[in-house]
Amino acid sequence: MLRVAYDPIYAHPLPDDHRFPMLKYELITGQLLYEGTLEPADIFSPLPCPDDIVLLTHTSEYLHKLHHQGLSPREQRVIGFPQSPELTLRELAITQGTIDCCHHALQHGVSLNVAGGTTSCICRSR
């Protein structure tokens, strides 16, 4: 059984002049449903990644900045998006989606996170 991580929060609203094609996440999922590759039951909405997991790769200072909207203008330029509580929630959901997909792939062979980073993440076991 294929499991696909996707949530409408993946298609985070950006300013009209922003160059990132955020709509692609919604379009990918819609196309896979349209062509019958996926059924709605194959899609799950991941919960936000817990802080203790985030802290395995980020400092507590950075996590605090994310939760309290404290990224500097330079840090926001590096991530490429204007900071907002919704963006933080989006990124935490995407992270947990990848983790969930990896666990599913270990048990069932394959899984897909539509927004597993900047590109889609396909997890499969051997």
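Analysis parameters
- Residues numbered from 1 in each chain as written.
- Predicted model: local features only at pLDDT ≥ 70, side-chain atom pairs only at ≥ 80, totals over all residues.
- Heavy atoms only, no water.
- Helix = DSSP H or I, 4+ residues; strand = E, 2+ residues; numbered from the N terminus.
- Rg over C-alpha atoms; globule rule 2.2 N^0.38 Å.
- Buried < 20%, exposed > 50% of the residue type's maximum accessible area, 1.4 Å probe, protein only.
- Contact = heavy atoms within 4.5 Å.
- Areas by Shrake-Rupley, 256 points an atom, 1.4 Å probe, with all protein chains shown as cover.
- Lys, Arg positive; Asp, Glu negative; His and termini not counted.
- Charge placed at Lys NZ, Arg CZ, Asp CG, Glu CD.
- Expected span 1.5 Å × (residues − 1).

## With respect to the overall build of the protein
Point 1. Looking only at helices and strands, the protein has five helices and four strands in total.
Point 2. When the helices and strands of the protein are listed from N to C terminus, the series reads β-α-β-α-α-α-α-β-β.
Point 3. For the protein, whose C-alpha radius of gyration is 15 Å, the value lies close to the compact-globule estimate of 14 Å for 126 residues.
Point 4. By its C-alpha atoms, the protein is 45 × 35 × 20 Å across when sized along the principal axes.
Point 5. When each of the 126 residues of the protein is scored for burial, the buried share is 35%.
Point 6. If you take every contact in the protein between residues at least 6 apart in sequence, the share linking residues at least 24 apart comes to 57%.
Point 7. Here the protein displays about 7,900 Å² of accessible surface, and carbon together with sulfur accounts for 59% of that area.
Point 8. With 9 positive and 14 negative side-chain charges, the protein shows a spacing of 10 Å between the two charge centroids.

## Some remarks on helix 5 (residues 85-108)
Point 1. With 24 residues, helix 5 ought to run about 34 Å at 1.5 Å a step, and its terminal C-alpha atoms sit 34 Å apart, in line with that.
Point 2. Turning to helix 5, its buried residues are L87, T88, R90, L92, A93, I94, Q96, G97, T98, C101, H104 and A105.
Point 3. Trailing helix 5 by a residue or two, G109 shows a phi angle of about 105°, which is positive.

## Focus on unusual backbone geometry
Point 1. Even without a glycine there, the phi angle at Q69 is positive, about 55°.
Point 2. Counting through the fold element by element, Q69 comes out in the loop between helix 3 (60-67) and helix 4 (73-79).

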